[in-house]
Every structure is written in C-alpha cells, then in structure tokens.
Amino acid sequence: GAVVSQHPSWVICKSGTSVKIECRSLDFQATTMFWYRQFPKQSLMLMATSNEGSKATYEQGVEKDKFLINHASLTLSTLTVTSAHPEDSSFYICSAGPARETQYFGPGTRLLVL
Amino acid sequence: QKEVEQDPGPLSVPEGAIVSLNCTYSNSAFQYFMWYRQYSRKGPELLMYTYSSGNKEDGRFTAQVDKSSKYISLFIRDSQPSDSATYLCAMTRFSGYSTLTFGKGTMLLVSP
C-alpha cells in the first residue's frame, strides 16, 4: 500500500510552546490530507481537512488558530499546535490517499504537554 | 443514536478461531466501507475496502456489507496472535476525498 510518514513520532514539550508535526506522502501526490486526533481507547476524531494551496477546513469545535495547518506542497502537510497545554496531549494522525476511494494513515505522533 | 456503532470488546479468542467483527450504522447514504487494523501506539492500517453491498475476500479476511440491514462485518479465519489489535470500521458517502466516519474500534485478543 501507499506510504505516509509522520515526524516526529513522539514529542514532549512544555506548556505554552508550539509544536510542529509533519505529514508526508512518500510515493504519491496528495492534494488532500486529513488530520485526526485520538485519545486513549477512543476512535479517531477528524480535526481538519488539509488542501494543497488553500486554507484548511476545520471540523466543528476545532480551534483553527490553535491548530495551524499548512499544505504547501503535494507531498507535505504540517500541523502546528500553538501554545500547547496539557489537554492537547494526544495521538495525532494524518492520512492521505493516492486513489480516490482509499486513505492511508501515517504512524502517528504522540504529543505530551507538561 | 451515533452514526456508527461498534462494540469495543475486548474480544478474546484462542488461536485458530474464526473471528467476527461487526459495525452497524444509521446513515443509509454510506456507500464505501473500510476496515482498519490498529496496533497499540501505531497509525491505522487499511485492511479491506468494499463498495456497496456484497462480500470481498483477501487471504484470511472477508468483509461483508449488508446495506439493507445497515450492518457490516469482518471475518478473520485461522486467527493468529499477531492479529491481536484494535479493528476500526469506517465508512463514507462519496468516493473522492470525503471524510470518513469511524466506529470506536473493537479490541481483539488472540491467545496462543
């Protein structure tokens, strides 16, 4: 299957700092990528849809000023958690798909805010 | 009523057993159905993808969709300890880059 990578795989930061997470499609171009958040023993919750060359579309309840998304190229989307707080600690996962019907997920980034 | 319902388990079976995992949904507009496997602390891995009703087989895995009952299933034959993971069903209305609606996932434990 298609390969989607994320970096970093885990990050620990102090409260109030900003953290950038990268999502890359390694063997295909992705005009659209998706960002999810997953809390322990919960399913994936879609945060936003990242569109190459245009603004991201955020789901209801997701603060767009807090979770900045940039999709500057056809293979890279970034999610920046600004002024992170402990309640932002979670598992962040991106997905993208080379075909219209399927999405492939990255390995996820575990964020811990102290 | 949630759009997608999935029993969280855990479902414990002995090695070699046939496993049945299921989801029900309420939105009759869903047409595309997926099953993902997620190991602990890893991203989900796409296992099966089906369109509309019917069966699809891939090795030890069989996916079934019954749109009249709004019910989908994933069967695993000859289950292995390495199958121990959380299985997520997901579905969407359209092809293309439409968003997925996920179930909460069922944790499967296969004991040797």
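Everything here concerns the structure above.
The following paragraphs examine the structure supplied in this document.

1. Examining the state of the cysteines
Residue and element names in this part refer to chain A.
- Here the structure, examined in full by the defined rule, presents two disulfides over all chains.
- Here Cys-23 pairs with Cys-94 through a disulfide, and the sulfurs are 2.0 Å apart. Its S-S torsion of about 80° marks the bond between Cys-23 and Cys-94 as right-handed, since a negative value means left-handed. Here Cys-23, found in strand E3 (residues 19-25), pairs with Cys-94, found in strand E9 (residues 90-96); they are 71 residues apart in sequence, far enough to count as distant. This pair shows no difference in class: Cys-23 is buried, exactly as Cys-94 is.
- Sulfur of Cys-13: no disulfide; nearest cysteine sulfur belongs to Cys-94 and is 19 Å away.

2. Some thoughts on the sheet that holds strand E8 (residues 76-81) of chain A
Residues and elements named next belong to chain A.
- Taken in spatial order, the four strands make up an open sheet running E1-E3-E8-E7, and their pairing is antiparallel. What marks the edges here is a single partner per strand, and that holds for strand E1 (4-7) and strand E7 (67-73). Adjacent strand axes in the sheet meet at a mean angle of 20° when their direction is disregarded.
- Sheet topology places E3 next to E8; six bridges connect them, and they run antiparallel. Residue Arg-24 lies in a different strand from E8, and its bridge partner there is Leu-76.

3. A look at the interface of chain A and chain B
- Listed as interface residues are 24 residues of chain A and, on the opposing side, 20 residues of chain B.
- Here chain A and chain B share an interface that buries about 1,800 Å² over both sides, 59% of which is from carbon and sulfur atoms.
- The interface formed by chain A and chain B includes zero salt bridges.
- Seen at the junction of chain A and chain B, the total is four residue pairs in polar contact (both at pLDDT 80 or more).
- Counting residues per element, the ones that place at least two in the side of chain A that touches chain B are strand E4 (32-38), strand E5 (45-51), E9 and strand E10 (104-105) of chain A.
- The dominant element in the side of chain A that touches chain B, judged by the number of residues it contributes, is E4 of chain A, at four residues.
- Tallied by class, residues from the side of chain A that touches chain B come to eleven nonpolar, ten polar and three charged.

4. Examining the sheet that holds strand E7 (residues 61-66) of chain B
Residues and elements named next belong to chain B.
- Spatial ordering of the open sheet is given by E1-E3-E8-E7-E6, a layout of five strands whose pairing is antiparallel. A strand with exactly one partner marks an edge of an open sheet, and here the two such strands are strand E1 (4-5) and strand E6 (54-58).
- Sheet topology note: the E1/strand E3 (residues 19-25) ladder contains two bridges and is antiparallel. Bridge pairing links Val-4 to Tyr-25 in E3.

5. Some details on the pairing of strand E8 (residues 71-76) of chain B
Residue and element names in this part refer to chain B.
- Relative to E8, E3 runs antiparallel, the two sharing six bridges. Bridge pairing links Cys-23 to Ile-72 in E8.
- With six bridges joining them, E7 and E8 adopt antiparallel strand pairing. The residue bridging Val-65 from the neighbouring strand is Ile-72, located in E8.
- Taking the residues between adjacent antiparallel strands as the criterion, E7 and E8 are bridged by four residues, where Lys-70 takes a positive phi near 55°.

Reading the values: rules and limits
- Residues numbered from 1 in each chain as written.
- Chains lettered and ligands numbered in written order.
- Predicted model: local features only at pLDDT ≥ 70, side-chain atom pairs only at ≥ 80, totals over all residues.
- Heavy atoms only, no water.
- Disulfide = S-S within 2.5 Å.
- Helix = DSSP H or I, 4+ residues; strand = E, 2+ residues; numbered from the N terminus.
- Buried < 20%, exposed > 50% of the residue type's maximum accessible area, 1.4 Å probe, protein only.
- Pairing = 2+ DSSP bridges.
- Axes fitted to C-alpha atoms, helices over the stretch in contact; angles between N-to-C directions.
- Contact = heavy atoms within 4.5 Å.
- Buried area = accessible area lost by both parts, 1.4 Å probe.
- Salt bridge = Lys/Arg side-chain N within 4 Å of Asp/Glu carboxyl O.
- Polar contact = N/O pair within 3.5 Å; in protein donor to acceptor, adjacent residues only side chain to side chain.
- Nonpolar A, V, L, I, M, F, W, Y, C, P; charged D, E, K, R; others polar.

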